[in-house]
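Structural description and commentary
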Amino acid sequence: MPAPMPRPHVMALLFDTNFNRPPGTRTFRHLDGRPFTDEEQALADDATLEELQAAGVHVHDPEAGAEAEAAAHQLAELLFKYVLPHREALIPFMTHEDMLEYGRLETVIAAGADSLRPHKD
């Protein structure tokens, strides 16, 4: 299902919003300092995530953070699938410090690899 189109009247309001609320209040203000009316505040409170993002507002979305973390792990696994069998091809691109760190980490992983494997009973 496609995302709903941003509503022009909501977008106009969001572009004229100072999202730094004064301490102790939940009411936004216009860029010129005027506090929102009750109707304007209701519109802002009802704005969709897409509308807020289109207006350039950073919105903390815990689900997106969890999804990004899972994607980062999947990406690392995908890269390891190709990098590990061909790691010698990476050496020309590494700094000396990175090569030393790679070797150290490889040793740590190899030493702990037995504990990562499932035990056969």
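Predicted model only: the values in this text are computed from it and were never measured.

Looking now at the pattern of salt bridges. In this structure the tally under the stated criterion is six salt bridges. Glu-51 is the salt-bridge partner of Arg-7, the closest N and O atoms lying 2.8 Å from each other. Here Arg-7, found in the segment before helix H1 (8-15), pairs with Glu-51, found in helix H3 (residues 49-54); they are 44 residues apart in sequence, far enough to count as distant. In this structure, the salt-bridge partner of Arg-34 is Asp-32, at a minimum N-O distance of 2.9 Å. Residue Arg-34 is classed as partly exposed on the basis of its relative accessible area of 42%. According to the relative accessible area criterion, Asp-32 is exposed, its value standing at 55%. Via salt bridges that share partners, Arg-7, Asp-46 and Glu-51 belong to a single interconnected network.

Moving on: the layout of surface pockets. Approximately 320 Å³ is the volume found for the largest pocket. Forming the walls of the largest pocket are Leu-79, Phe-80, Val-83, Leu-84, Met-94, Asp-98, Tyr-102, Leu-105, Glu-106 and Ile-109. Counting residues per element, the lining of the largest pocket draws most heavily on helix H5 (residues 96-116), which supplies five residues. For the lining of the largest pocket, the per-class residue count stands at eight nonpolar, no polar and two charged.

The complete set of buried residues in H1 reads Val-10, Met-11, Leu-13 and Leu-14. Each buried residue of H1 lies within a common arc of 160° when the element is viewed along its axis, so the set occupies one face. Structurally, H1 contributes buried residues whose contacts are with strand S1 (17-18), strand S2 (29-30), helix H2 (38-45) and H3.

The complete set of buried residues in H2 reads Glu-40, Gln-41 and Ala-44. Each buried residue of H2 sits inside an arc of 100° when the element is viewed along its axis, so together they form one side. Counted as exposed and oriented over 90 degrees from the buried face of H2: Asp-38 and Glu-39. Buried residues along H2 sit against H1 and S2.

Quick notes on the rules
Residues numbered from 1 in each chain as written. Predicted model: local features only at pLDDT ≥ 70, side-chain atom pairs only at ≥ 80, totals over all residues. Heavy atoms only, no water. Salt bridge = Lys/Arg side-chain N within 4 Å of Asp/Glu carboxyl O. Helix = DSSP H or I, 4+ residues; strand = E, 2+ residues; numbered from the N terminus. Buried < 20%, exposed > 50% of the residue type's maximum accessible area, 1.4 Å probe, protein only. 1 Å grid on protein atoms, 1.4 Å probe; cavity = no way out; pocket = protein on both sides within 12 Å on 5 of 7 lines; lining within 4 Å. Points joined across faces, edges and corners; volume = space filled by probe spheres on them. Nonpolar A, V, L, I, M, F, W, Y, C, P; charged D, E, K, R; others polar. Arc of directions from axis to C-beta. Contact = heavy atoms within 4.5 Å.

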